[in-house]
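Here is what each chain is made of, one letter per residue.
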Amino acid sequence: MSLVNYQAREITCKIVYYGPGRSGKTTNLHYVYGQVPEDRKGKMVSLATQTDRTLFFDFLPLDLGEIRGFRTRFHLYTVPGQVFYDASRKLILKGVDGVVFVADSQAARMEANLESLRNLELNLKEQGYDLRTIPYVLQLNKRDLPSALPAEEMKRQLAKKGEPVFEAVASKGTGVFETLKAIAKMVLLELRKGR
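A brief report on the enclosed structure follows. For clarity, every value in this text was computed on a predicted model and none was experimentally measured.

What follows is about the overall build of the protein chain. Scanning the protein chain for helices and strands turns up five helices and seven strands. When the helices and strands of the protein chain are listed from N to C terminus, the series reads β-β-α-β-β-α-β-α-β-α-β-α. Every one of the 195 residues in the protein chain was classed for burial, and the buried ones make up 52%. When the accessible surface of the protein chain is split by element, carbon and sulfur atoms take 54% of a total near 9700 Å².

This is the structure:
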């Protein structure tokens, strides 16, 4: 649910990067943050958890054009990967406009991908959203690893609705901006429909 600030003439949209622990959600945001010019981004805020190597969430506003005279601003968040932090995941999904699911391509991580995807569907439903209708992109990360499953096999198991699918190596920036551009475009399309 995007927020409209009439005084600042700004529309703020929220994109959440979801997926299992250590799939590359935080790496995606760090890469984007490092590439965006200083004058086009805010501070990255993180809250670390005691038992999780990943960040609790990342916050990154990113300006991407105008809609009817309003600047658009994107806030990018990650959720903690471990199911233990489910309450935090639910809280971060509140008010979401689009979701990027970051899947770990390693064969040994497929069950974690499937578990996290089921959790995403459940948590979206509890927030009043439907994965079949919300802007959604699937990113197959860690494609450079020797244990990576074939992309077609991953799509067969993880694709939900004909969503855009991007192969990525987030640590090198491969596929990161393609993923972000796709979800941003989908969110803006939904925004234009609703206004």
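Glancing now at the pattern of salt bridges. Taken as a whole and assessed by the stated rule, the structure comprises 13 salt bridges. For Glu-121, the salt bridge is made with Lys-160, and the minimal N-O distance between the two is 3.2 Å. Placement of the pair is Glu-121 in helix H3 (residues 110-126) and Lys-160 in the loop between helix H4 (151-158) and strand S7 (165-167), with a sequence separation of 39 residues. Assessed through its relative accessible area of 31%, Glu-121 is described here as partly exposed. The salt bridge partner of Arg-132 is Asp-130, with a shortest N-O separation of 2.7 Å. The network of salt bridges with common partners includes Glu-10, Arg-71 and Arg-73.

Its 17 residues give H3 an end-to-end C-alpha distance of 24 Å, which sits within 8% of 24 Å, the value for a rise of 1.5 Å per residue. Taken together, the buried positions of H3 are occupied by Met-110, Ala-112, Asn-113, Leu-114, Ser-116, Leu-117, Asn-119, Leu-120, Asn-123 and Leu-124.

About the thresholds
Residues numbered from 1 in each chain as written. Predicted model: local features only at pLDDT ≥ 70, side-chain atom pairs only at ≥ 80, totals over all residues. Heavy atoms only, no water. Helix = DSSP H or I, 4+ residues; strand = E, 2+ residues; numbered from the N terminus. Buried < 20%, exposed > 50% of the residue type's maximum accessible area, 1.4 Å probe, protein only. Areas by Shrake-Rupley, 256 points an atom, 1.4 Å probe, with all protein chains shown as cover. Salt bridge = Lys/Arg side-chain N within 4 Å of Asp/Glu carboxyl O. Expected span 1.5 Å × (residues − 1).

Honestly, it's all geometry; don't read function into it.
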